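Descriptive analysis of the structure
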Amino acid sequence: MERTFKHPQIFADLLSLCQLYYPMHNNLPKPFRYAVGDRILSELAECLRLVVLANAVDKQSQLGRRDGAAYVRQVRAGIEVIRGFLLLGWKLKLVSHGALTEFGIRLEAISRQAARWQQWFETV
């Protein structure tokens, strides 16, 4: 029996954010890219991992929903870390105002999705 696994929209949005960030990452100055830029990539990858884990929990059990909510809380924290690192890049004039705005819009949409998902896990 083959199981079809479908990722939620938040996964697709995180993937899109990775695709947007990666070319910019390669053009950052080397010290910032290694000190902070790589941490942004790591946080994005961790958020993707956590979304997959949250989506894979047993949503019918109380324990599964509790674990799912915990994973989504970590996603929300990771989004805030990414937002902070991008703000640092902007303050250092390494990230353009337009790029910061675009990332901010996408991060906010992802954060809203995560908040709704977390609320679902906690109230069902």
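Residues numbered from 1 in each chain as written. Predicted model: local features only at pLDDT ≥ 70, side-chain atom pairs only at ≥ 80, totals over all residues. Heavy atoms only, no water.

With respect to the overall build of the protein
- Counting its regular elements, the protein contains four helices and zero strands.
- Starting at the N terminus, the α and β elements of the protein follow one another as α-α-α-α.
- With respect to the three principal axes, the spread of C-alpha positions in the protein is 50 × 30 × 20 Å.
- Looking at the protein as a whole, 37% of its 124 residues qualify as buried.
- The long-range share in the protein, meaning contacts at least 24 apart out of those at least 6 apart in sequence, stands at 75%.
- Approximately 7400 Å² of the protein is accessible, and the part contributed by carbon and sulfur atoms is 56%.
- The centroid of the 17 positive side-chain charges in the protein is displaced by 4 Å from the centroid of its 11 negative side-chain charges. (Helix = DSSP H or I, 4+ residues; strand = E, 2+ residues; numbered from the N terminus. Buried < 20%, exposed > 50% of the residue type's maximum accessible area, 1.4 Å probe, protein only. Contact = heavy atoms within 4.5 Å. Areas by Shrake-Rupley, 256 points an atom, 1.4 Å probe, with all protein chains shown as cover. Lys, Arg positive; Asp, Glu negative; His and termini not counted. Charge placed at Lys NZ, Arg CZ, Asp CG, Glu CD.)

As for the nonpolar core
- Counting residues in each nonpolar core, the largest one holds 34 residues, and the members touching the most others are Ile10, Leu14, Tyr21, Ile40, Leu44, Val75 and Leu86.
- Only helix H1 (9-26), helix H2 (30-56), helix H3 (62-91) and helix H4 (97-123) provide two or more residues apiece to this core.
- Tallying contributions element by element places H2 first for this core, with nine residues.
- Ignoring any residue separated from it by four or fewer positions in sequence, one finds Leu44 in contact with Leu14, Leu17, Cys18, Tyr21 and Ile82. (Core = buried A, V, L, I, M, F, W, Y, C linked by side-chain atoms within 4.5 Å.)

As for the packing of aromatic side chains
- Going through the model one piece at a time under the given rule, you end up with three aromatic pairs.
- Ring plane angle 35° and centroid distance 5.5 Å describe the contact between Trp117 and Phe121, whose orientation is recorded as tilted. A residue pair is termed a helical-turn pair when its members lie 3 or 4 positions apart in one helix, as Trp117 and Phe121 do in helix H4 at four residues.
- Of the residues examined, Trp117 reaches a relative accessible area of 16% and is grouped as buried.
- Relative to Phe121, the ring of Trp120 lies with its centre 5.2 Å away and its plane at 65°, an arrangement referred to as edge-to-face.
- Of note, Arg33 hangs over the ring of Tyr34, and the distance from its end group to the ring centre comes to 5.2 Å. (Phe/Tyr/Trp six-rings, centres within 6.5 Å; stacked < 30°, edge-to-face > 60°. Lys NZ or Arg CZ within 6 Å of the ring centre and 35° of its normal.)

Side note on the pattern of salt bridges
- Following the criterion strictly, the structure yields seven salt bridges and no others.
- Residues Arg73 and Glu122 are paired through a salt bridge, measuring 2.9 Å at the closest nitrogen-oxygen approach. Here the residue Arg73 occupies a position in helix H3, and Glu122 occupies one in helix H4, the gap between them amounting to 49 residues.
- Judged by its relative accessible area of 46%, Glu122 falls in the partly exposed class.
- Among the salt bridges present, the one from Glu102 reaches Arg106, with a minimum N-O distance of 2.7 Å. Placement of the pair is Glu102 and Arg106 together in helix H4, with a separation of four residues, close to one helical turn.
- Accessibility expressed as a relative area gives 31% for Glu102, which makes it partly exposed.
- The exposure class assigned to Arg106 is partly exposed, which follows from its relative accessible area of 28%.
- It is possible to trace a salt-bridge network through shared partners that takes in Glu80, Arg83, Glu108 and Arg112. (Salt bridge = Lys/Arg side-chain N within 4 Å of Asp/Glu carboxyl O.)

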